[in-house]
Amino acid sequence: MTRFIFITGGVVSSLGKGIATATLGALLQARGYTVRLRKLDPYLNVDPGTMSPYQHGEVYVTDDGVETDLDLGHYERFTGVSARKSDSITTGQIYMDVITRERRGDYLGATIQVIPHVTDAIKEFIRCDITEEDFVLCEIGGTVGDIEGLPFLEAIRQLGNELGHDNSLRLHLTLLPHISSTGELKTKPTQHSVKELQSMGIQPDILLCRCNQYIPIDQRCKIGQFCNIRPEAVITALDALSIYEVPLRYHDEGLDTEVLRYFSILREEIKPSLARWTGIMDRVSNPEGQVKIAVIGKYTSLLDSYKSLAEALIHGGIANKVRVELDWINSEMFEKESESFIRLNDVNGILVPGGFGERGSEGKIAAVTFARERRIPYFGICFGMQMACIEAARSGGGLLNASSSEFGPCDEPVVGLLTEWINSTVAEIRNFDNDYGGTMRLGSYKCQLDKNSRVYNIYGNALIDERHRHRYEVNINYKSLLEKAGLRFAGMSLDGLLPEIIERPDHPWFVGVQFHPELKSKPFDPHPLFTGFIAAAIKQASLV
Ligand code: GLN
């Protein structure tokens, strides 16, 4: 029997609802239960794929190739459960589905309304594709009171009744502000937020209150009294040193205990196994050294745009027992003055992450040159691999006008759409009638590694699976030129057409990958490429 937990947020946004959901998932796993985590986003976009990284942060990609909200990344990092297409929905998708059914005549002429048609579609989504999970956690995006969120709240109200209260739980995350001048904790915003939920027929069962200090028992009783909740189910959610400390904190505050008590399945004598999280926190709190990594990208003012990347670098630090300091640099600064490279003087590694568009690309190429010449560990991800290939073609291959067709027509498209660089051999291998040229390559693809390569040693495996999100590819027709320029084609798609990994055998650590390894890294299972990159940075640090 699957139990459902609905997570809503109140008072203000950015309280860490995604981390709270991921944490509860991890705590239930630590109690031996299986979980599935889902995100319901009230915005009208069909998916976040086309949303600006400035506004929306990172687009997280699943194995089965869907572009989703970055919270799904937190879910995977905390639980290790690979998210699927069916774990992410938006109002846009719900409406698209309802309208498609209406056009097909599925509703037999009925008047289509938010209740029941839209709410039915939401409920169908919440319950679909569940097999044997003990718990399904559904996070509702946004904050209670948002107009767009109303159909979702109505759907979970109805579902609560249909499933029965014994099989469903409502967890509400709120904020308890502390007024420093009077030294008071204010409960009123939480009371209002719960009232708002109650006005929609939803009674929260547990309150998780973000607060910068412990909530004293009298305040918990007061909140409980106003909100119809037992004081033990009013839980303090303190700010943590690292997000990976949150499972330990919330456990100490009784979150998982309360959830199991609610469902009447708490066995006091059984303690959860939290060794995984104490082990991670031990390494995070007691680093044996520090390395500095420059991340040279475009959206460096909004770190959520590179959420998984920042986490994967931290995981590489956890694996090597070092703290990783990140210096986020807008690549355009390397296009202006050469003195700007002073900024890179004390870095132990340079990483060019995924990116789109021409702006800042020359700065990224200049950063590749710097890393190559100074023998600083270089990690190029997706766009960062493409820029490394253009740099090699220009510097070692003599093709001064090497570029990517992403930036417009060019004489030497070292990077281009697959359909742009078809020749008869390529056409023979791939059936282009069925192939997509201009669309995104999304989701998991297999890659074959060269057994003589550095990456083969890093992975310890010749066949790997990694997630992609890009349109352009390194053009295989330039392979021999790029090899002469010093690159090794260390990983290829299974049909041998698409370069997936390049490396420089003559450099201490220089790797470019067409995929996004950061999406699969976990704190308890750091991605080998990040572990390898940080190990190389440590070596670099000990040399300078
Ligand atoms: N803009 C490049 C492409 O579409 C790279 C994309 C990325 O880095 N994710 O191929």
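Going by an unreviewed UniProt entry, the protein chain carries the name CTP synthase and comes from Candidatus Endolissoclinum faulkneri L5. In its Subunit (unreviewed entry) section, the UniProt record describing the protein chain reads: "Homotetramer."

## Structural notes on unusual backbone geometry
Omega for the bond connecting I115 with P116 falls within 30 degrees of zero, at 15°, which places this linkage in the cis form. Looking at the secondary structure, you find P116 in helix 5 (residues 114-127). In this model, K321 sits at a positive phi of 55°, which is unusual for a non-glycine residue. On the secondary structure map, K321 appears in the loop between helix 12 (307-320) and strand 13 (323-330). Phi angles above zero are rare outside glycine, and C382 is one such case at about 55°. Along the chain, C382 falls in the loop between strand 15 (378-381) and helix 15 (383-395).

## Notes on the UniProt feature "binding site: UTP" (unreviewed entry) in the protein chain
Mapped onto the present numbering, the UniProt feature "binding site: UTP" (unreviewed entry) falls on S13, K186, T187, K188, P189, T190, Q191 and K222. Across 210 residues in sequence, these annotated residues place their C-alpha atoms as far as 23.7 Å from one another, rather than forming a single compact spot. With respect to the secondary-structure elements, K186 resides in the loop between strand 9 (184-185) and helix 7 (188-199). Overall, K186 belongs to the partly exposed group, its relative accessible area being 32%. If we skip the residues at most four places from it in the chain, K186 touches L176, P177 and I179.

## Considering the sheet that holds strand 20 (residues 472-474)
Ordered by their spatial adjacency, three strands build an open sheet running 16-17-20, and the pairing between neighbours is mixed. Of all strands in the sheet, those with a lone pairing partner are strand 16 (402-404) and strand 20, marking the two edges. Pairs of neighbouring strands in the sheet enclose a mean axial angle of 30°, with direction left out of account. Where strand 16 and strand 17 (residues 412-417) come together, three bridges link them in parallel fashion. Bridge assignment links S403 to a residue of strand 17, and that residue is P413.

## What to know about the site of the ligand
In the region of the ligand, the neighbouring residues are G354, G355, F356, C382, F383, Q386, E406, R469, H470, R471, Y472 and H516. Q386 has a polar side-chain atom sitting 3.1 Å from an oxygen atom of the ligand. Contact distances for the ligand include 2.8 Å between a nitrogen atom and a backbone N or O atom of R469. In the complex, 99% of the free accessible area of the ligand, which totals 300 Å², lies under the protein chains. When residues of the shell around the ligand are traced back to their parent elements, those giving at least two are helix 15 and strand 19 (463-470). Its residues assigned to classes, the shell around the ligand shows four nonpolar, five polar and three charged.

## Things to note about the sheet that holds strand 23 (residues 510-513)
In a beta sheet, neighbouring strands pair by backbone hydrogen bonds and run either parallel or antiparallel. Overall, mixed pairing links the nine strands, which are arranged 13-12-14-15-23-22-21-18-19 in an open sheet. Edge positions in the sheet fall to strand 13 and strand 19, since each has one partner strand and no second. Each strand axis lies, on average, 25° off the axis of its neighbour in the sheet, ignoring direction. When strand 18 (residues 441-449) meets strand 21 (residues 488-493), the two strands line up antiparallel, connected through three bridges. By the bridge assignment for strand 21, L449 is matched with G491. Each of strand 12 (290-297), strand 13, strand 14 (349-352), strand 15 and strand 23 is contacted by helix 19 (residues 528-543), which is oriented at about 115° to strand 12, the strand it contacts most.

## Notes on the packing of aromatic side chains
Here the structure, examined in full by the defined rule, presents 17 aromatic pairs. Ring geometry for Y244 and W277: centres 6.5 Å apart, planes at 25°, overall stacked. One end of the pair, Y244, is in the loop between strand 11 (234-238) and helix 9 (246-252); the other, W277, is in helix 11 (residues 275-285), and 33 residues separate them in sequence. Residue class for W277 comes out buried when judged on its relative accessible area of 2%. One aromatic cluster is present, built from ring pairs that chain together Y33, F135, Y262 and F263.

## Structural notes on the packing of helix 12 against helix 19
The N-to-C vectors of helix 12 and helix 19 enclose an angle of 65°; their axes lie 8 Å apart at closest approach. Judged by the sense of rotation from one axis to the other, the crossing of helix 12 with helix 19 is right-handed. Here helix 12 contributes L309, A312, L313, G316, G317, A319 and N320 to the contact with helix 19, which in turn contributes F530, T531, F533, I534, A535 and I538. A class-by-class count of the residues in the contact of helix 12 with helix 19 yields nine nonpolar, four polar and no charged.

## Some remarks on the side chain of H468
Inspection of the secondary structure assignment puts H468 in strand 19. At 2.9 Å, the side chain of H468 and the side chain of H470 are in polar contact. Residues contacting H468, with those up to four places away along its chain left out, are V61, R441, L442, G443, Y445, E500, Q514 and F515.

## Description of the side chain of H315
Structurally, the position occupied by H315 is in helix 12. The class of H315 is buried, set by a relative accessible area of 0%. Polar side-chain contacts of H315 include one of 3.5 Å to the backbone nitrogen of K522. With residues near it in sequence (within four places) discarded, H315 still touches R77, Y244, S521, K522, P523 and P526.

The rules behind each value
Residues numbered from 1 in each chain as written. Predicted model: local features only at pLDDT ≥ 70, side-chain atom pairs only at ≥ 80, totals over all residues. Heavy atoms only, no water. UniProt positions renumbered as here; feature names shortened; annotations may be inferred. Helix = DSSP H or I, 4+ residues; strand = E, 2+ residues; numbered from the N terminus. Buried < 20%, exposed > 50% of the residue type's maximum accessible area, 1.4 Å probe, protein only. Contact = heavy atoms within 4.5 Å. Pairing = 2+ DSSP bridges. Axes fitted to C-alpha atoms, helices over the stretch in contact; angles between N-to-C directions. Near = heavy atom within 4 Å. Polar contact = N/O pair within 3.5 Å; in protein donor to acceptor, adjacent residues only side chain to side chain. Areas by Shrake-Rupley, 256 points an atom, 1.4 Å probe, with all protein chains shown as cover. Nonpolar A, V, L, I, M, F, W, Y, C, P; charged D, E, K, R; others polar. Phe/Tyr/Trp six-rings, centres within 6.5 Å; stacked < 30°, edge-to-face > 60°. Left-handed = near helix turned anticlockwise from the far one by under 90°.

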